[in-house]
Each structure stands twice: as structure tokens, then as C-alpha cells.
Amino acid sequence: MYKYLLTPKSLSAVRSSSLGLLRFRSKFAGSKLWNCSFPARTLIQTLCLHTETEENRHISQSPSHTDRAMKYVLVTGGVVSGLGKGVTASSIGVVLKACGLRVTSIKIDPYLNTDAGTMSPFEHGEVFVLDDGGEVDLDLGNYERFLDVTLTRDNNITTGKIFQSVIEKERRGDYLGKTVQVVPHITDAIKNWIESVAVIPVDGQEGPADVCVIELGGTVGDIESMPFIEALRQLSFSVGHDNFCLVHVSLIPVLGVVGEQKTKPTQHSVRELRALGLTAHLLACRSAQPLLENTKEKLSQFCHVPAANILNIHDVPNIWHVPLLLRNQNAHHAVLKQLNLLSIATPPDLQDWTKMAETFDNLTNSVRIAMVGKYVGLTDSYLSVVKALLHACIACSLKPSIDWIAASDLEDDSAKLTPEAHAAAWETLRNAACVLVPGGFGDRGVRGMILAAKYARENNIPYLGICLGMQISVIEFARSVLGIERANSEEFDAQTSDHVVIFMPEGSTTHMGSTMRLGSRKTLLQTPDCITAKLYGNPQYVDERHRHRYEVNPQVIGALEEKGLKFVGKDETGNRMEILELPSHPFYVGVQFHPEFKSRPRRPSPLFLGFILAATGKLEAYLNIHQNGV
Ligand code: GLN
């Protein structure tokens, strides 16, 4: 008997194999092969045998799951975008997890981009980076934080990825002279993708999860999402009705003086969903105020959804209340009933969540953090940084008070052109307890960031520079301390002969998509006697996610170190600078990686924690107690 052990890599190899479309079920990883043609079966068996290594042994099927099919919860949205579908979907995941189930998630983005990597944070919010280097939608960050899982790039499906895989197959000749069409080829590719990704374990345990929450981006009726809707309709049919639960998120607006809660837009979007062959089992209604009983009755009557399945997500003080709100309305019961899981689920245990949500509500003291960046107009552009600050502040019983400063307002030019903005920006910076320069691309605002780094360095104000923020501190130090006036990054000034930050030799100069240094990589600590080693409680290494094209020029390291800027973390080759510290400063840390992506609600990123502790004068005491993890 074969053992079917698949890594994400082997799954995608099979998915794009020349042997035609394969169908994977959770059962596939058990003792049976499902729906596979003979050559495909042979390929899988070969693959499986060849991929059974120590490394992937952990993903063998857990016996408890082999006899149970994957359960899907699909979350769609209607009426308007921006309803918080992502938070709703991840909160459903949290409640199901609290019932003792293992949960994974898939986010579908119907846009044509292959991934979020080439999209502007101004327009789409932050690009989230995964361990495997996937550049994905920020909702995957919400899933990782809420469910405490580690997702793969394949957990984010886009139209671009699906079309690319189908067109690649067409070019290889896999479709054997057939006309390649949206139905069935694109829809089959979507279904296969979902079914194969759903079984990848993401919580560090063995075997597939019990439930896969799928969030369909956009609004029902969008042209782009049509192939996905059709594929999901087919999926709901093929997996069977007790393996599929559809939660439709909608808006209940209140109009005019009368203040009546309007159900018509929801009725229309549920009808639209039905016209496309999908039936909503639950409604999650967004509203400012709690829904009135007669609004619920109306919705139930006209939307064909039992009153018990009409959930209301009204405005709450912070998003951690959303899972609690769902639990209080017995959302778990409705979902578990639809999925026929009532017999194996436990009552939801959300004690930790309740504590976290309430602690946050009751915090009174705050700490002022100056965020000096380029994309300050849209706070979603730095979502994970904001969350990481929140996690760290809560651990210190503080409320974060983030002062957004547009870096360009700090620049000398702004003093002439927009003197008020310039004065306000400097005043804000001076009133902050600490300064953070987050990641970014392009030269806008760079001069302002350099001024902020200089201010923090010279005035002993805690400074955390992330990725671009680290490169900024190198440029600033080279200019101010080494006296290299024209020191710059190759990214901002290609002409200067004083490049202290250079383009990484292995980067691509022709392609922008997915060509950066991406994902989790080890940084070796050069000395246990540095703030970073003490904060991580690990004198050897740290493992964080990256996303950059440029690096500190190895040729200037000697000169920088001689003047006191220490590179306490380097990559495994020793040539790439990863962490810098200024030992003469209370907290001056620059990191080439992005520690914000791995921060979790009850497990704040060590560097963010150190940064907040330093801002409140408590770092030294903390390090004395926690040195090297003790
Ligand atoms: N633009 C810089 C680089 O590519 C920094 C990137 C970032 O901050 N994510 O290296």
C-alpha cells in the first residue's frame, strides 16, 4: 500500500502535470485514489513515493480525517465592497476553531494580476508576504493572525494564476485538440485548485483541516468573479449539501429621517446569488446598529434563510469582538448544523479572545508612535505594521496612538511650499515617544525619512527601521557620520558613485513580478550581546519574512562598523546585512526583513515589543529578566 504524502510543491507539480486534470479530494490522501486516470494515478504514486522524506512526513493524513470529506464554508459579499468580508470569514474560522475543529482558508481574488506583488499599496492596501515567499492579499494576513496558521501562496487564488495554469497546459498540448473554454476548463482548474489546496495542513499538525473557509473577493455579480461563482456552484453540488455552507455578507443601510433598516439591497443580492445557482445558508448582515427583530423577519422571509441563520455584525469597538458577536448569535451552531458537524464539535471556547477584546477596550494609557512613511493616506497600506504595534502595545498594557507623518512633509522643500504641513509634521515627530520607518519603494519622501532617522539617532529616541527603514538609516549614518554627502541607494539615485545600498546581484532587471528576495530566510546573529538576540531569546538566529530588491553595499560595512553602526545579523553567506544596531543608543534597530508579518495577537513580534518597551523606558528592566529567553 502506498502512502500518499504530498508537499505543496508536489501538489502543484501534479496540478500542472501533462496527464490531464486530476481531481483531489481529502480522501485522496487516505487509502483511495479518487477519479484519476491510470497514468495520472501512476504519476501520483511515483511522486508520492519519491516525496516521502523526513521533511514532508508530517503532512501524512491523520487517521481521524480519512473517513470524512472536507467541509467548505464559502463567504461571499453583496451590495457594496468593503464590508469586512475578510474579518467575517476569519472570525467564522475562529469560532469553528474554538469548537475544536481544524480550520484552513483560501482567499479568491478575481483580479487578473497573478499575485498582489505588483499592486499599489495606495490602491489595494499592503502586500502581505508568506513564509514561502508568496506575495498575497492582505486578507491572508488576517487569516494567519486570527487562526494562527501559516498559509502558502496557493491559498490565494487569482484569475491571473488560474488563466496562467490553463494557458500553460494549452500550450503544452494537454487539452488534446479541444477548444479551451471558461466552462469547463477554467472552472475545472478552479475546483481542482481549491480541492488540492484545502488539504494542505497549515496549522503545524498532521493531515488536512476539517473545514476550509473560502472567501470570494469582490461583490456577487462582478464580471470578474463569474467563473469562480460557477466553479463554486459546481463544487457545492459535487461535494454534497452537508459539506458546503454559504455565508453571504451584506449591508443593511439605514435611510434618512425615518431611520428604517433597509433590507431590499440584501434581498437583491441574495436573489442574484440564487440566479447564479448558489443558495445562501446564512446571512451576515453588516449594520451600524443592532438589527431589529422585524428586519430579521423580513430578511428571513424574502431571502429564504431561517431567522436563526441571520447573523448581525454591527459596529463593535474592535475587530476582536467579531468572533464573540458571532458566537453570541450561535453562528457556530448554524454552520455546524449545515455541515453536519454538530456531533464532533465542542462548545466554543473563546475565553482568550474575550480577555483580549476586553483588555483592549479597557486600556487607558497610550504610547505615541510616529510612523514616517510614504503611503500614510491609507492605513491599510501598513496593516501588518499597525497590527504588530497593537500586539506589542497590548502586551505592555498600552493603547497604540499612531501619529501618521507623510515623510515628504518633513523635508526642507515642504518648509517653503507647505510651511504649515512642515511645522505640523515636525511637531508630531517631536512629540512622539518613538519613530518607525516602515517598508516602501521609490524615492518619494526618502529625504524626510532620512531626517526622521537622524532626529531619532541624535536624540536617543527609539527607532525601528523596517526594510526601507533600515536602508534609510544606513544612508543617514553614511552621510552624517561618515561624511559621505552623496551617499544613497541605487534605487533613488542611479548616478551617484556613493552607493551604500545596492541592487542585489541576483535580482531581475527585466521582470518585476515575484522577482524580489522573498519569504522566510534565516538571519544568523553575529553576537548574543545585542538587543535583537536578547529580545528573540535566541542567540543563534532569527527567521523572518523578506521582500526587497536592494541591500546594504558589502563594501561599506567596514567603514560603518568602525564608526559604531553594528551589523549584528547577517544572512547565511555572511555577505548580506540583515540587522543593524547602534549600541550607544537605547534602541536603534534596522532590519532588512519584515518582522510585522509573523506577529500574532498573543505572541507579539519581539522587535516590536522591544521598540514599545524602549519607548516607555522599560526595555532594560525587561531584558534583565528575559535575557536569552530565560
Ligand atoms: N525598496 C527597498 C528594496 O527593494 C525596500 C523594500 C521594502 O521596504 N519592502 O530593497
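The coordinates are above.
Residues numbered from 1 in each chain as written. Predicted model: local features only at pLDDT ≥ 70, side-chain atom pairs only at ≥ 80, totals over all residues. Heavy atoms only, no water.

**Digging into the packing of aromatic side chains**
Two measures describe an aromatic ring pair: the distance that separates the ring centres and the angle between the ring planes. This is how the line gets drawn: Ring pairs are drawn from Phe, Tyr and Trp, using the six-membered ring of Trp, whenever the two centres fall within 6.5 Å, and their geometry is named by plane angle: stacked under 30 degrees, edge-to-face over 60, tilted for the rest. Where helices and strands are cited, they refer to DSSP runs of H or I of at least four residues and of E of at least two residues respectively, numbered from the N terminus. Any residue under 20% of the maximum accessible area for its type is buried, any over 50% is exposed, and the rest in between are partly exposed; the area is computed with a 1.4 Å probe on protein chains only. Remark: a charge is flagged as sitting over a ring if the NZ atom of Lys or the CZ atom of Arg is within 6 Å of the ring centre and within 35 degrees of the ring normal.
What the rule picks out here adds up to eight aromatic pairs. With a centroid separation of 6.2 Å and 80° between ring planes, the pair formed by tryptophan 426 and tyrosine 455 is classed as edge-to-face. Of this pair, tryptophan 426 sits in helix H17 (residues 419-431) while tyrosine 455 sits in helix H18 (residues 446-458); the two residues are 29 residues apart in sequence, bridging distant segments of the chain. The two residues tryptophan 426 and tyrosine 455 agree in class, both being buried. Look at phenylalanine 503 and tyrosine 550: their rings are 5.4 Å apart centre to centre, the planes differ by 75°, and that puts the pair in the edge-to-face class. Taken as a pair, phenylalanine 503 in strand S17 (residues 499-503) and tyrosine 550 in strand S20 (residues 550-552) lie far apart in primary sequence, 47 residues in all. Note on accessibility: phenylalanine 503 and tyrosine 550 belong to one class, buried. Against the face of phenylalanine 360 rests lysine 399, its NZ or CZ located 4.8 Å from the ring centre. For the cation-ring pair, lysine 522 lies above tyrosine 541, with the distance from its terminal atom to the ring centre recorded as 4.4 Å.

**Structural notes on the side chain of threonine 104**
The condition that has to hold: In what follows, a contact means two residues having at least one pair of non-hydrogen atoms within 4.5 Å.
You can see threonine 104 is positioned in strand S2 (residues 103-109). Leave out the neighbours within four places in its chain, and threonine 104 touches Leu151, Asn155, Ala198, Ile200, Val202, Ala209, Val211, Cys212 and Val213.

**Looking at the site of the ligand**
Our working definition: Summary of the distance rule: residues count as near a molecule or strand when at least one heavy atom falls within 4 Å of that molecule or strand. By the criterion applied in these results, polar contacts are pairs of N or O atoms within 3.5 Å in which, for protein atoms, one can donate a hydrogen and the other can accept it, and in which residues neighboring in sequence qualify only through two side-chain atoms. The accessible surface values rely on the Shrake-Rupley method and a 1.4 Å probe; as for residues, cover is taken only from the protein chains in view. In this classification, Asp, Glu, Lys and Arg are treated as charged, Ala, Val, Leu, Ile, Met, Phe, Trp, Tyr, Cys and Pro as nonpolar, and every other residue, Gly included, as polar.
Surrounding the ligand, one finds Gly439, Gly440, Phe441, Cys467, Leu468, Gln471, Glu491, Arg547, His548, Arg549, Tyr550 and His594. Within the backbone of glycine 440, a nitrogen or oxygen atom sits 2.9 Å from an oxygen atom of the ligand. Within the contact set of the ligand, an oxygen atom lies 3.0 Å away from a backbone nitrogen or oxygen of leucine 468. In isolation the ligand offers 300 Å² of accessible surface; the protein chains occlude 99% of this area. Contributing elements (two or more residues each) for the shell around the ligand: helix H19 (468-480) and strand S19 (541-548). A per-class count over the shell around the ligand returns four nonpolar, five polar and three charged.

**Considerations on the pattern of salt bridges**
Put simply, the test is: Any Lys or Arg side-chain nitrogen found within 4 Å of a carboxyl oxygen on Asp or Glu counts as a salt bridge.
Under the criterion given, the structure shown has 30 salt bridges. A salt bridge links aspartate 131 to lysine 598, with the shortest nitrogen-to-oxygen separation between them at 3.8 Å. Of this pair, aspartate 131 sits in the loop between strand S3 (128-129) and strand S4 (135-136) while lysine 598 sits in the loop between strand S23 (588-591) and helix H22 (606-615); the two residues are 467 residues apart in sequence, bridging distant segments of the chain. Among the residues examined, lysine 598 registers a relative accessible area of 26% and is labelled partly exposed. One salt bridge connects arginine 447 with aspartate 413, and the closest N-O pair in it is separated by 3.5 Å. Within this pair, whereas arginine 447 is found in helix H18, its partner aspartate 413 is found in helix H16 (residues 412-417), the two being separated by 34 residues in sequence. Residue aspartate 413 is classed as partly exposed on the basis of its relative accessible area of 35%.

**Quick look at the pairing of strand S15 (residues 463-466)**
Basically, it comes down to this: What makes two strands pair is DSSP finding at least two bridges between them. Note on handedness: a clockwise path from strand one over the helix to strand two, with the strands aimed away from the viewer, defines a right-handed crossover.
With burial as the criterion, each face of S15 is covered, one bearing Tyr463 and Gly465 and the other bearing Leu464 and Ile466. Of the pairings in the sheet, the one linking strand S14 (residues 434-437) to S15 comprises three bridges and is parallel in character. Paired with leucine 436 across the strands is leucine 464, a residue of S15. A crossover links S14 with its parallel partner S15, the connecting element being H18, and its sense is right-handed. The pairing of S15 with S23 spans four bridges and is classified as parallel. Opposite glycine 465, over in S23, you have glycine 590 as the bridge partner.

**Digging into helix H23 (residues 619-626)**
Rules: Picture the helix axis, draw a direction to every C-beta atom, and the arc is the one those directions span.
Along H23, the residues that are buried comprise Leu619, Tyr622 and Leu623. End-on view of H23: buried residues confined to an arc of 95°, all on one side of the axis. Residues of H23 that are exposed and angled more than 90 degrees away from the buried face: Glu620, Asn624 and Ile625. Its buried side turned inward, H23 meets helix H20 (531-536) and H22.

**Focus: the packing of helix H12 (residues 321-328) against helix H14 (residues 351-361)**
Geometrically, a packed helix pair is captured by the angle between its two axes and the distance between the axes. Basically, it comes down to this: An axis is simply a line fitted to the C-alpha atoms; with a helix, the fit covers only the stretch in contact. Between two such axes, the angle follows the N-to-C directions and lies from 0 to 180 degrees. Each angle gets one of four labels, with under 35 degrees taken as roughly parallel, over 145 as roughly antiparallel, 65 to 115 as roughly perpendicular, and the rest as oblique. Helix crossings fall into two classes, left-handed where the near helix is turned counterclockwise from the far one by less than a right angle and right-handed where it is turned clockwise.
Contact geometry of H12 with H14 gives a least axis separation of 9 Å together with a crossing angle of 125°. Accordingly, the angle class assigned to the pair H12 and H14 is oblique. Read as a crossing pair, H12 and H14 show a hand that is left-handed. Across the interface between the two elements, His321, Pro323, Leu324 and Arg327 of H12 pack against Trp353, Thr354, Ala357 and Asp361 of H14. Residues that form the contact of H12 with H14 fall into these classes: four nonpolar, two polar and two charged.

**Some points on the sheet that holds strand S1 (residues 71-77)**
Sheet architecture is open: seven strands sit in the order S5-S2-S6-S1-S7-S10-S11, paired in parallel fashion. Looking along the sheet, the strands with just one partner apiece sit at the ends: strand S5 (156-158) and strand S11 (310-314). For this sheet, the mean inter-axis angle between neighbouring strands, taken without regard to orientation, is 20°. Where S1 lies against strand S7 (residues 244-251), six bridges are found, and the strand directions are parallel. Residue pairing for S7: threonine 76 is matched across the bridge by histidine 248. Each of S2 and S5 is contacted by helix H7 (residues 159-172), which is oriented at about 70° to S5, the strand it contacts most.

**Considerations on the environment of isoleucine 394**
Assignment of secondary structure puts isoleucine 394 in helix H15 (residues 383-395). Overall, isoleucine 394 belongs to the buried group, its relative accessible area being 13%. Taking the C-alpha atoms as reference points, isoleucine 394 and proline 601, 207 residues apart in sequence, are found 8.5 Å from one another. Those residues in contact with isoleucine 394 that sit more than four places away from it in its chain are Trp320, Phe360 and Leu363.

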